[in-house]
Amino acid sequence: MFSLPISPLFRLIRVFFYAFSLGLFLFPAPYATAQEDGPGSSPLSSIDMEWSGHIKLYGRALFPQEGTAFDSLDSVGLGTNYDGLLEARVNNKTFFGDHVYSIIHWEAGLTGGGSREDGERLKDAYPALFPNGLLSPPNDDRRLVDLTAIVHEDDGTVLYHRLDRAFLAFQPDWGEIRIGRQAVTWGHGFTFNPMDLFNPFSPTDLERDYKLGDDIALVQVPVSENALDLIYVARRNPDTSEPDFDSSSLGGKFSIPIDSTNLDIILTRHYEDYIAGVGAVGYVGNAAWRFDVTGTFLDTPSRGRSAYLSAVANLDYSWNWFGKNWYGYTELYYNGLSDNDYTDPFTDPAIADRIARGELFALGSMYWSGNINIELHPLLNVYLTAIVNLDDPSGVWLPRIVYDVSDNIQLTATAGLNWGASNTEYGGFPIPGLPFSQKPADYVTSWVTWYF
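Below, the structure is looked at part by part. Nothing here was measured: the structure is a model prediction, and the numbers come from that model.

Procedures and definitions
- As a convention, each chain's residues are numbered from 1 in the sequence order in which they are written.
- In keeping with the predicted nature of the model, local features appear solely for residues at pLDDT of at least 70, side-chain atom pairs appear and are counted solely at 80 or more, and the whole-chain, interface and lining totals rest on all residues.
- For the side-chain quantities, the full set of heavy atoms in the structure was used; hydrogens and water were omitted.
- Definition used in this section: a nonpolar core is a set of buried Ala, Val, Leu, Ile, Met, Phe, Trp, Tyr and Cys residues joined via side-chain atoms within 4.5 Å.
- The classification of residues rests on relative accessible area computed with a 1.4 Å probe and restricted to protein chains. Under 20% of the type maximum is buried, over 50% is exposed, and intermediate values are partly exposed.
- Secondary structure counts use DSSP, requiring at least four H or I residues in a row for a helix and at least two E residues in a row for a strand, with both numbered from the N terminus.
- The contact criterion used is simple: two residues touch if any of their non-hydrogen atoms lie within 4.5 Å.
- For salt bridges, the criterion is a side-chain nitrogen of Lys or Arg within 4 Å of an Asp or Glu carboxyl oxygen.
- Here a strand pair is declared whenever DSSP counts at least two bridges between the two strands.
- Nonpolar side chains (Val, Leu, Ile, Met, Phe, Trp, Tyr) within 5 Å and like charges within 9 Å form the patches, drawn only from residues with over 30% relative accessible area and no salt bridge.
- Per-residue accessibility takes into account occlusion by the displayed protein chains alone, with areas from the Shrake-Rupley method and a 1.4 Å probe.
- We score Asp and Glu as negative and Lys and Arg as positive, and we do not count His or the chain ends.
- Charge coordinates come from a single atom per side chain, which is NZ of Lys, CZ of Arg, CG of Asp or CD of Glu.
- Every helix has an expected span of 1.5 Å times one less than the residues it contains.
- Summarising the geometry, the arc corresponds to the directions from the helix axis toward the C-beta atoms.
- Under the rule applied, a polar contact is a pair of N or O atoms within 3.5 Å (in protein, one hydrogen donor and one hydrogen acceptor; residues adjacent in sequence only if both atoms are side-chain atoms).

**A few points about the nonpolar core**
Ranked by size, the top nonpolar core spans 27 residues in total, and within it L122, Y126, F192, Y333, Y367, I387 and L398 carry the most contacts. When residues of this core are traced back to their parent elements, those giving at least two are strand 15 (305-321) and strand 19 (394-404). What L122 contacts, discounting residues up to four positions off in sequence, is A69, F70, L73, V76, P127, F130 and L134. Residues I216, L218, I231 and V233 belong to the second largest nonpolar core, which totals 11 residues.

Set out below in structure tokens:
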């Protein structure tokens, strides 16, 4: 059943998305041009479909830390949590002639294990700290249309399915218009990306095949050698479940090529704040550099400030060494919203809101991140990513191994290993008013993916 009540209009939109998707899945039409079939050909003969997808099977071992919320309840404890996820994704791209196409991605997941069981107990004991528990599926609380359905849910498992992409695109001679559930990424950061305002990846998220989609109207217009993107991200207020302009985003990005450098300028109204930003990409020798800076003008001042800056700069390079292919990058990130007081998320609405919205992942002000990738064999790649809070210091190591078992089967293993002294971001810090600390758990994860 669908968990969130919405107005009849948006129920109708949701039903349309599902009906349209189901129709494409059940009644695929072979491609044939009108020229080939003659004047009497069916309108369906101009439809061309492309299909792809994957099935993934995950396994994870999570190691809760002493002195954290896990340690505060006898019913939870510090035992290792073993979790699993079976995920399926089916992607469809349909061309309706030369100027109209649609993209629909359906996904389903069955997940559960010790972390979900512990998360339900922690949610009951500390609802403000664990509002969704642990190991929960994506939800559409803030999205305009609820395209997620929970098929079965209990304390140990949850079965769900959803539409992560469902948009229609028009391609007139002057550009492109896309309307519906889709993903848009701005900015040039690798680990951190302050210019990516719409549903960004977490810095520790190493699996970035698909970004969660939002309900967006996007217009892309080439202007001479430049490019203009206009975007509206429609959202609802999660407290009222009603469409809300103050919870939405409206803005634009202008891209300007200058010799071998590309310059991006953005201006947006994001929720109730205004954000302006400038980014650039260029080359120095055989290396590529990137730089983004944003200025956020707060609707509600935070700790006496009405605006703050965020910035990221990185450099990446690939080379051959000892007969192996290598690749690496180094990146610096500045978070101007932070005063390096890790209790601020519990007292400052500006920080708490951004964490709840999934757009702020750093509690400190200055970070370094880096990555090294070596191709040991054309089928075997080894990666090591590091994130360091330079103010503490503390950080996390993120090693990863990717093995291509065959043309369409891939095996991945990764881990998250946190380090740092007490009273640091990754080493753990006390939570005001509670008898335990906040500290990320170490984990080991592996998954196998079958692509089709």
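Now that the structure has been shown, we can carry on.
**Looking at the pattern of salt bridges**
Scanning the entire structure with this criterion turns up 26 salt bridges. Here R89 and D164 are joined by a salt bridge, their closest N and O atoms 2.9 Å apart. Taken together, the positions of R89 in strand 2 (residues 81-96) and D164 in strand 5 (residues 157-170) put the pair 75 residues apart, joining distant regions of the chain. Owing to a relative accessible area of 2%, R89 belongs among the buried residues under this scheme. For D164, a relative accessible area of 1% corresponds to the buried category. A salt bridge links K123 to E120; the shortest N-O distance between them is 3.3 Å. Taken together, the positions of K123 and E120, both in helix 3 (residues 114-125) and three residues apart, correspond to about one turn of that helix. Looking at K123, the relative accessible area reads 26%, which means it is partly exposed. Using a relative accessible area of 12% as the deciding quantity, one classes E120 as buried.

**Focus on the pairing of strand 15**
Strand direction decides the pairing type here: strand 14 (residues 287-302) and strand 15, joined by 11 bridges, are antiparallel. Across the sheet, residue A288 finds its bridge partner in strand 15, namely D316. Connecting the antiparallel pair strand 14 and strand 15 is a turn made up of two residues, with R303 showing a positive phi of about 50°. Here strand 15 runs beside strand 16 (residues 324-335); their pairing, made up of 12 bridges, is antiparallel. When the sheet's bridge partners are listed, A313 is paired in strand 16 with L332. With antiparallel pairing between neighbouring strands as the criterion, strand 15 and strand 16 make up a hairpin whose turn holds two residues, including F322 at a positive phi of roughly 55°.

**Thoughts on a negative patch on the surface**
On the surface, E117, D124, D154 and D155 cluster together to form a negatively charged patch. Structurally, D155 is set in the loop between strand 4 (148-153) and strand 5.

**Topic: helix 3**
Since the α-helix turns once every 3.6 residues, residues separated by three or four places project in the same direction. The end-to-end C-alpha separation of helix 3 is 17 Å, in line with the 16 Å expected for 12 residues at 1.5 Å each. Burial in helix 3 covers these residues: G114, S115, R116, D118, G119, E120 and L122. Against strand 1 (47-63), strand 2, strand 3 (100-113), strand 4 and strand 5 lie the buried residues of helix 3.

**A word on helix 4 (residues 349-356)**
Turning to helix 4, its buried residues are A350, I351 and R354. For helix 4, the buried positions fall inside an angular range of 95° around the axis, keeping them on one side. Relative to its buried face, helix 4 has exposed residues pointing more than 90 degrees away, namely P349 and A356. Elements that come into contact with the buried residues of helix 4 comprise strand 13 (273-284), strand 14 and strand 15. In this structure D348 caps helix 4, since a side-chain oxygen of it lies 3.0 Å from the backbone nitrogen of A350. Count one or two residues on from helix 4 and you reach G358, which has phi positive near 75°.

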